[in-house]
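# Observations on the model geometry
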Amino acid sequence: MEDFEDDPRALGARGHRRSVSRGSYQLQAQMNRAVYEDRPPGSVVPTSAAEASRAMAGDTSLSENYAFAGMYHVFDQHVDEAVPRVRFANDDRHRLACCSLDGSISLCQLVPAPPTVLRVLRGHTRGVSDFAWSLSNDILVSTSLDATMRIWASDDGRCIREIPDPDGAELLCCTFQPVNNNLTVVGNAKQNLHVVNISTGKKVKGGSSKLTGRVLALSFDAPGRLLWAGDDRGSVFSFLFDMATGKLTKAKRLVVHEGSPVTSISARSWVSREARDPSLLINACLNKLLLYRVVDNEGTLQLKRSFPIEQSSHPVRSIFCPLMSFRQGACVVTGSEDMCVHFFDVERAAKAAVNKLQGHSAPVLDVSFNCDESLLASSDASGMVIVWRREQK
């Protein structure tokens, strides 16, 4: 990956860089590899208690664990316009939201039956490109092609605040700072990232940076100290995030593939209880889902492996399965332009495909598990949202 030289004008940011310990990433990885040096290159690294953990969980295979009984419900209120994003609320089994290029956001309740659309949030004058739940689920932030972000109250659907993009550009993605939900990061069509204080509606001083293309994807690590951003030119940048000030310091750049838009980034500290290396999951219009290892505290990425999907032009997204499983294997889920939802075991050397869900009639753009993995939601380019029910073992 490419290093960025420190600008003499950014001494504060450089001081922050010195203050972060590298042990959080490097020491754990070195300890794990020292014990399991005989594992093949690129495989995930188990903990010393992995076999005991697996015995506690029984011998259920990953394929059995991610078998689905079929469709639980289909939401079609946004049909005819793409639904680029669908997300369950944090630590919630039955609250779901999705945004549409028709300019609205739907808040849905899956229980009690029948599932219902609780309310539709309207106000954006063009398509909604992305949204995120706050940690406590009391507010949502949304970004739109109308060059504004909006803050919504989830309980009654009120628009609390409308914030114009500082550059007057289409806003394409957003994410909350995971520790301080008063700060949100947005990416726009003029290649800029901005950290915005949603209480004041102002961008944070020192919280802006420029990428090489339109900013399409964002993801923080769990502590909120590292931010990755992907653009439509095929680059992924890492940034150090100053927790005290909200200032961004550009750290590393990886060219995934020149000219291939990076449409999704998901970060995970551990892929599973057996895989202790921080990892990044990336979609990049290469007909592949890419899994990277994070090798240091500046966000340097090393390709671990890839999985075949169909994605050449649509903004497809993927996720790590939320539960840290005791079972052998670790699962990721992705949309695909073949109109299917694909499950892959990142530990399986051959035949990594675990499951495939069929039912959409358009490219699948996004996927989201609820907190206990009993339900999976997927959205597509025609506006359909399908909620799938996992088989109970």
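Residues numbered from 1 in each chain as written. Predicted model: local features only at pLDDT ≥ 70, side-chain atom pairs only at ≥ 80, totals over all residues. Heavy atoms only, no water.

In the nomenclature of an unreviewed UniProt entry, the chain corresponds to WD repeat-containing protein 13 from the organism Pipistrellus kuhlii. Under the UniProt heading Subcellular location (unreviewed entry), the note attached to the chain is "Nucleus". (UniProt positions renumbered as here; feature names shortened; annotations may be inferred.)

Attention now goes to the overall build of the chain. A tally of helices and strands in the chain yields four helices and 29 strands. If you take every contact in the chain between residues at least 6 apart in sequence, the share linking residues at least 24 apart comes to 52%. On the chain, roughly 16100 Å² of surface is accessible, and the fraction owed to carbon and sulfur atoms is 49%. (Helix = DSSP H or I, 4+ residues; strand = E, 2+ residues; numbered from the N terminus. Contact = heavy atoms within 4.5 Å. Areas by Shrake-Rupley, 256 points an atom, 1.4 Å probe, with all protein chains shown as cover.)

We now examine the side chain of D92. Its location among the elements puts D92 in the loop between β3 (85-88) and β4 (95-99). Of note is the side chain of D92, whose polar atom sits 2.8 Å from the backbone nitrogen of R95. Non-local contacts of D92, meaning those with residues more than four positions away in its chain, are made with N370 and C371. (Polar contact = N/O pair within 3.5 Å; in protein donor to acceptor, adjacent residues only side chain to side chain.)

The next point concerns the pairing of strand β24 (residues 331-334). Side-chain alternation along β24 places C331 and V333 on one buried face and V332 and T334 on a second face that is also buried. Looking at chain direction, β24 and strand β25 (residues 340-345) are connected through four bridges and run antiparallel. Paired with C331 across the bridge in β25 is D345. Where β24 folds back on β25, the antiparallel hairpin that results is connected by five residues, among which M339 adopts a positive phi of roughly 75 degrees. (Buried < 20%, exposed > 50% of the residue type's maximum accessible area, 1.4 Å probe, protein only. Pairing = 2+ DSSP bridges.)

Within a pair of aromatic rings, the relevant descriptors are the distance that separates the centres and the angle that separates the planes. Within this structure, the stated rule accounts for seven aromatic pairs. Seen in terms of ring centroids, Y66 and F343 are 6.1 Å apart; in terms of plane orientation they differ by 35 degrees. Their pairing is tilted. Linking Y66 in the loop between α4 (62-65) and β2 (68-75) with F343 in strand β25, this pair joins segments that are 277 residues apart in sequence. Considered together, Y66 and F343 belong to a single accessibility category, that of buried residues. By way of ring pairs, the aromatic residues Y66, F68, F343 and F369 are connected into one cluster. The ring centre of Y66 lies 5.7 Å from the NZ or CZ of R390, which sits over that ring. (Phe/Tyr/Trp six-rings, centres within 6.5 Å; stacked < 30°, edge-to-face > 60°. Lys NZ or Arg CZ within 6 Å of the ring centre and 35° of its normal.)

Read across the sheet, four strands follow the order β7-β8-β9-β10 without closing on themselves; strand pairing throughout is antiparallel. Whereas interior strands pair on both sides, the edge strands pair on one side only; in this sheet they are β7 (128-133) and β10 (159-164). Put simply, the sheet's adjacent strands are angled 20 degrees from each other on average, direction ignored. Pairing analysis gives five bridges linking strand β8 (residues 139-144) to strand β9 (residues 148-153), with the strands arranged antiparallel. Following the sheet pairing, V141 is matched in β9 by I151. (Axes fitted to C-alpha atoms, helices over the stretch in contact; angles between N-to-C directions.)

This next bit is on the pattern of salt bridges. Evaluated as defined, the whole model comprises 13 salt bridges. For the salt bridge of D232 with R214, the shortest nitrogen-to-oxygen distance reads 3.7 Å. Taken together, the residues span a long stretch of sequence, with D232 in the loop between β16 (226-231) and β17 (235-241) and R214 in the loop between β14 (202-210) and β15 (215-220) at a distance of 18 residues. Taking the shortest distance from any N to any O, the salt bridge between D345 and R348 comes out at 3.9 Å. A residue is classified by how much of its surface remains accessible, and D345, at 6% relative accessible area, is buried. The exposure class assigned to R348 is partly exposed, which follows from its relative accessible area of 27%. In the salt-bridge network here, residues are joined through shared partners; they are R126, E170, R214 and D232. (Salt bridge = Lys/Arg side-chain N within 4 Å of Asp/Glu carboxyl O.)

We now examine the confidence of the model for the chain. Per-residue pLDDT for the chain has a mean of 87; in total, 82% of the residues score no lower than 70. For the stretch residues 52-58, pLDDT sits under 50, and the model shows seven contacts to residues farther than four places along the chain or on other chains. (pLDDT = per-residue confidence, 0-100.)

All right, on to the sheet that holds strand β20 (residues 279-283) then. In any sheet, the strands associate via hydrogen bonds between backbone groups, in a parallel or an antiparallel arrangement. Ordered by their spatial adjacency, four strands build an open sheet running β19-β20-β21-β22, and the pairing between neighbours is antiparallel. The two strands at the open ends of the sheet, each matched to only one other strand, are β19 (264-268) and β22 (301-308). Neighbour to neighbour, the strand axes of the sheet diverge by 20 degrees on average, direction disregarded. The pairing of β20 with strand β21 (residues 288-294) spans five bridges and is antiparallel. Within β21, the residue paired with S279 across the bridge is R293.

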